[in-house]
Amino acid sequence: MNSAGMPVNLSDAQIEEFGREMDAIRDEVFDSRGERDRRYILRVIRTQRTLAVVGRFIIYAGLFFVPAWGHALAGWWTTLAIIGLGTAMLGTAKILENMEIAHNVMHAQWDWMKDPEIQSNTWEWDTMGPSDRWMHSHNVVHHTWTNVVGKDLDVGYGIMRVTPMQKWHPAYLFQPIAFLLLMLLFEEGVALHEQAIDDHMKGRKTFAEIKPVLAHIGRKAGRQIVKDYIAWPAAAALVAIPISFYVPWSPWAVFGMVAAANAIANVMRNIWTFTIIFCGHFPSGAYNFSQKQVEGETRARWYLRQLLGSCNIKGGKLFHVLAGNLSHQIEHHLFPDMCSNRYAEVAPRVQALAARYGLPYNTGSLMRQFGTTWLKNLRLAFPGGEALDPARAHPAQSRA
């Protein structure tokens, strides 16, 4: 450990020079933003909205193939195939909206366009957590204190031990179950992943002080529940009421099938989002930091911490778009307000810069990153696990 308090073999002067070179990459990209970037985000938004509308239309169309209709094409396999196609399209639309659109819009990546409909302070996303609360917990807390134990709420999300720097407790024995439940219910987990709630649990705020925040979250969650599980299914059921006089099929069954399709689409989004986010922060080789290590942190040391604490996932162009370009998690943490479509072109430069300074650049396949994340989760459910700390395995990276 050098005088800079970081697990690298670099002097303070070298770290500051590393930071200046990172600033140069950022400034160059920001100065070149323009029409191609504008076209990109508008195209993604159009694609997402088209997928959502067409997906819901196909779900409804599938209802006309239930066996009760009695026509030649009616049958459960046909019905489930059509509804399944619509559900897959709706799930993909929800993934695009959450990952490549909303997450990045709320990082102010597109504020420079001055488009009143695509602004970080007005965008409300398709999930239970209110955007303004998420922006505080994520943009302010997480991106400021990335991987700092005791400061970053995302270090284990308050329910898991993801680094041996966290003191073991018997409750962690159940974290493999928590891992799977959070994967399935990630939308709900994000809504409750809130600084105010954490402050109350730790005795820093009274329930009365956080009650307005809980009410705000409850209102947004309620709107989402009404939209996905009442309004859209009810629209189909209302159409089914007059039809039920001629076709022996209950409107309640129609309501249930549409609600189930929406639930499956949400779970699709939850599993995918969870997988990408966890693979960006918790695979083998990701560093965590103590609060002492970040005392008096300069911008250059902040860059260094983002590099050491983040992980990339290899994949093709479509994979990166569906991942919200968070498959370039390293670049996102270095430049959170950079247009997401630029991360792919910046990544080779960041990797080359890291190599020149002898710094690790954690990248791997989805299987590798998720597999090592799951294995860490299992191992750290039990006491010990110090061998998983990369700072212990590689006490100092040597400069090339």
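Below or above, wherever it landed, is the structure these notes cover. (Residues numbered from 1 in each chain as written. Predicted model: local features only at pLDDT ≥ 70, side-chain atom pairs only at ≥ 80, totals over all residues. Heavy atoms only, no water.)

## Topic: the packing of aromatic side chains
- Under the counting rule described, the total for this entry stands at 19 aromatic pairs.
- An angle of 75° between the planes, with centres 6.3 Å apart, marks the rings of Tyr157 and Phe282 as edge-to-face. With Tyr157 in the loop between α4 (131-144) and α5 (175-184) and Phe282 in the loop between α9 (251-281) and α10 (299-309), this residue pair connects regions lying 125 residues apart in the sequence.
- According to the relative accessible area criterion, Phe282 is buried, its value standing at 7%.
- Linked through ring pairs, Tyr157, Phe179, Phe186, Phe274, Phe278, Phe282, Phe370 and Trp374 together constitute an aromatic cluster.
- A cation over an aromatic ring shows up here: Arg26 above the ring of Phe30, its NZ or CZ 3.9 Å from the ring centre. (Phe/Tyr/Trp six-rings, centres within 6.5 Å; stacked < 30°, edge-to-face > 60°. Helix = DSSP H or I, 4+ residues; strand = E, 2+ residues; numbered from the N terminus. Buried < 20%, exposed > 50% of the residue type's maximum accessible area, 1.4 Å probe, protein only. Lys NZ or Arg CZ within 6 Å of the ring centre and 35° of its normal.)

## Brief notes about unusual backbone geometry
- One non-glycine residue, Lys114, adopts positive backbone phi at about 60°.
- Within the element layout of this structure, Lys114 appears in the loop between α3 (76-105) and α4.
- Positive phi, close to 55°, is recorded for Tyr157, a residue that is not glycine.

## Description of a positive patch on the surface
- Together, Arg39, Arg43, Arg46 and Lys317 give the surface a local cluster of positive charge.
- When you line up the elements, Arg39 lands in helix α2 (residues 35-62). (Patch = residues over 30% accessible without salt bridge, like charges linked within 9 Å, V, L, I, M, F, W, Y side chains within 5 Å. Areas by Shrake-Rupley, 256 points an atom, 1.4 Å probe, with all protein chains shown as cover. Salt bridge = Lys/Arg side-chain N within 4 Å of Asp/Glu carboxyl O. Lys, Arg positive; Asp, Glu negative; His and termini not counted. Charge placed at Lys NZ, Arg CZ, Asp CG, Glu CD.)

## Focus on the packing of α5 against α9
- α9 packs onto α5 with a crossing angle of 125° between their chain directions and a minimal axis gap of 7 Å. Here α9 runs oblique to α5, going by the angle between their axes. In this structure, α5 uses Phe179, Leu182, Met183 and Leu184 to contact α9, whose residues at the interface are Val267, Asn270, Ile271, Phe274 and Phe278.
- Across the contact of α5 with α9, the residue classes break down as eight nonpolar, one polar and no charged. (Axes fitted to C-alpha atoms, helices over the stretch in contact; angles between N-to-C directions. Parallel < 35°, antiparallel > 145°, perpendicular 65-115°, else oblique. Contact = heavy atoms within 4.5 Å. Nonpolar A, V, L, I, M, F, W, Y, C, P; charged D, E, K, R; others polar.)

## Some remarks on the state of the cysteines
- Scanning the model with the defined rule gives zero disulfides in all.
- No disulfide involves Cys279; its nearest neighbouring cysteine sulfur is the one of Cys311, lying 8.7 Å away. (Disulfide = S-S within 2.5 Å.)

## Some thoughts on the pattern of salt bridges
- If you walk through the whole model with that rule in mind, you get 20 salt bridges.
- Glu21 is paired through a salt bridge with Arg356; the nearest N and O atoms lie 2.5 Å apart. Of the two residues, Glu21 sits in helix α1 (residues 12-31) while Arg356 sits in helix α13 (residues 343-356), which places them 335 residues apart along the sequence.
- For Arg356, a relative accessible area of 41% corresponds to the partly exposed category.
- The residue Arg342 makes a salt bridge to Glu345 at a minimum N-O spacing of 3.4 Å.
- The exposure class of Arg342 is buried, given its relative accessible area of 1%.
- You can call Glu345 partly exposed: its relative accessible area is 36%.

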